[in-house]
Amino acid sequence: HQLLSSRPGGSSGGGPPLACDWARMTIASCAHAVESTLKHLRARRALWQTVLTGFLSEERRGQRTAALPLNPADFWSDKRFAHEVHVCVPRRVGYIHIFKNAGTSIGQAFARACFNDSRQSGLGRVVLKCTYKKAYCGSWNGEFSNVAFFTFVRDPLDRFASSVLELTRRRHGNQFGARLADIAEKTRGKTRADDAFTMHALSVLAKWKTLATYKTPLDPHQEPQINFVMSNGSILPSLTFVGHLDSLVSDLSALFYRFFTADAARFAIESLGHDRSHEDGAYASGAFSINTSNLSDNMRAAVLQTYAVDRAW
């Protein structure tokens, strides 16, 4: 276990709870705490498969007609879908980025942990990243078949609100975002504006869903979370751990303490942050932000019905 062979030191300070706090816990206590957290991450992975099985059964009975469809393609060869994967080669661990789930922060922290761990081991630069924008991931299928992958999920209602904000900010270069921005201007300032905007945004998704040819793919920010880890009708077998954004620091620190030296893990967690600027040219100001606490029960239910396969989170 990497944790037991690493030098303790440092402190978590007054921030969010870590899976292991060297300032207050013994090495043995830390190892137990990390393994306990990882047990929960494995359980989430098993729960997701159970939810998927139930969703498919309901879909066959015609009970999920309002939900967005699953991605049936092979994970490594699907060129339509916006996969983004990071792998730390010597530790045989990888991160699958689900859009709008703190992926920028997690990916940067993962790279820092791997780089620092590898420097201590004399292995050099060993983080590989493949995305839909660069050379595709298809060639990785055999080479990284034994990598343990993790990802992070999020409450689907919060993620929907975040995705809408993201796309309206990107409206100058995104057709879907431009349409949402037009809707936002028409509903801004009205009574129950959050409900009105959400209803129109869901109608846009519903119209996309009726396109039988899928020549206009859904923006990946609004894909169901499970589609980022689907492969041939099931969840990618090598996905081992599923963290949750509500417990980001605790879950991510447990993963890092499991796969990297304590020093490398601690450095990465302490530098965890979202470095993307919303002031650059890709974003537009004045985007509409849904306040989920203002949504009616009916509208909240409509969003959750659209993302039914993610309902466990």
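Below is a short write-up of the structure. No experiment lies behind these values; they were computed from the predicted model shown.

## A look at the side chain of Asp 195
Its location among the elements puts Asp 195 in helix H6 (residues 193-209). Overall, Asp 195 belongs to the buried group, its relative accessible area being 12%. Excluding its chain neighbours within four sequence positions, the residues that come into contact with Asp 195 are Asn 294, Leu 295, Ser 296 and Met 299.

## Structural notes on the pairing of strand S7 (residues 239-244)
Counting buried positions along S7 gives 5 out of 6 residues, so the element sits mostly inside the fold. Across 5 bridges, the pairing between strand S4 (residues 148-153) and S7 is parallel. What sits directly across from Phe 152, in S7, is Gly 243.

## Here's the deal with the pattern of salt bridges
Applying the stated rule across the entire model yields 7 salt bridges. Note that Arg 42 and Glu 35 form a salt bridge whose closest N and O atoms lie 3.0 Å from each other. Accessibility expressed as a relative area gives 33% for Arg 42, which makes it partly exposed. Under the relative-accessibility criterion, Glu 35 is labelled partly exposed at 32%. As a salt-bridge pair, Arg 44 and Asp 251 come within 3.2 Å of each other at their nearest N and O atoms. You can see Arg 44 sitting in helix H1 (residues 27-60) and its partner Asp 251 sitting in helix H7 (residues 248-259), a full 207 residues away along the chain. Using a relative accessible area of 17% as the deciding quantity, one classes Arg 44 as buried.

## Brief notes about the sheet that holds strand S1 (residues 84-88)
Spatially, 5 strands are ordered S3-S1-S2-S4-S7 in an open sheet, and the strand pairing comes out mixed. Each of the sheet's edge strands pairs with one partner strand only, and the pair in question is strand S3 (127-131) and S7. Neighbour-to-neighbour, the strand axes of the sheet open up by a mean angle of 20 degrees, direction not taken into account. In this structure, strand S2 (residues 93-96) lies alongside S4, joined through 3 bridges in parallel fashion. Pairing of Val 93 across the sheet is with Ala 148, part of S4. Contacts between H7 and the sheet are confined to S2, S4 and S7, with S4 contributing the most and set at about 170 degrees to the helix.

## Observations concerning the packing of helix H4 (residues 156-169) against helix H9 (residues 297-306)
Packing of H4 against H9 leaves a shortest axis separation of 9 Å and a crossing angle of 90 degrees. Looking at the two axes, H4 sits roughly perpendicular to H9. Counted together, Pro 156, Leu 157 and Phe 160 of H4 and Arg 300, Val 303 and Leu 304 of H9 form the full contact between these two elements. Along the lines of polarity and charge, the residues of the contact of H4 with H9 split into 5 nonpolar, no polar and 1 charged.

## Points about the pairing of S4
Across the 6 residues that make up S4, a large majority, 6, are buried. Of the two faces of S4, both are covered, the one formed by Ala 148, Phe 150 and Phe 152 as well as the one formed by Phe 149, Thr 151 and Val 153.

## Quick look at unusual backbone geometry
For Arg 92, which is not a glycine, the phi torsion comes out positive at approximately 55 degrees. By secondary structure assignment, the location of Arg 92 is in the loop between S1 and S2. Of note in the backbone geometry, Ala 102 takes a positive phi value of approximately 60 degrees without being a glycine. Structurally, the position occupied by Ala 102 is in the loop between S2 and helix H2 (103-121).

## What to know about the nonpolar core
Core analysis: the biggest nonpolar cluster contains 31 residues, and Ile 106, Phe 110, Phe 150, Leu 252, Leu 255, Phe 256 and Phe 260 have the highest contact counts within it. Going through the elements one at a time, H1, S2, H2, S4, H7 and helix H8 (262-270) are the ones with two or more residues in this core. At 8 residues, the largest contribution of residues to this core is made by H7. Ignoring anything within four residues of it in the chain, the contact list for Phe 256 reads Ala 109, Phe 110, Ala 113, Phe 150, Ala 265, Ala 268 and Ile 269. The next biggest cluster of nonpolar side chains, apart from the first, holds 30 residues, and it includes Ala 67, Val 87, Val 309 and Trp 313.

Reading guide: rules and limits
- Residues numbered from 1 in each chain as written.
- Predicted model: local features only at pLDDT ≥ 70, side-chain atom pairs only at ≥ 80, totals over all residues.
- Heavy atoms only, no water.
- Helix = DSSP H or I, 4+ residues; strand = E, 2+ residues; numbered from the N terminus.
- Buried < 20%, exposed > 50% of the residue type's maximum accessible area, 1.4 Å probe, protein only.
- Contact = heavy atoms within 4.5 Å.
- Pairing = 2+ DSSP bridges.
- Salt bridge = Lys/Arg side-chain N within 4 Å of Asp/Glu carboxyl O.
- Axes fitted to C-alpha atoms, helices over the stretch in contact; angles between N-to-C directions.
- Parallel < 35°, antiparallel > 145°, perpendicular 65-115°, else oblique.
- Nonpolar A, V, L, I, M, F, W, Y, C, P; charged D, E, K, R; others polar.
- Core = buried A, V, L, I, M, F, W, Y, C linked by side-chain atoms within 4.5 Å.

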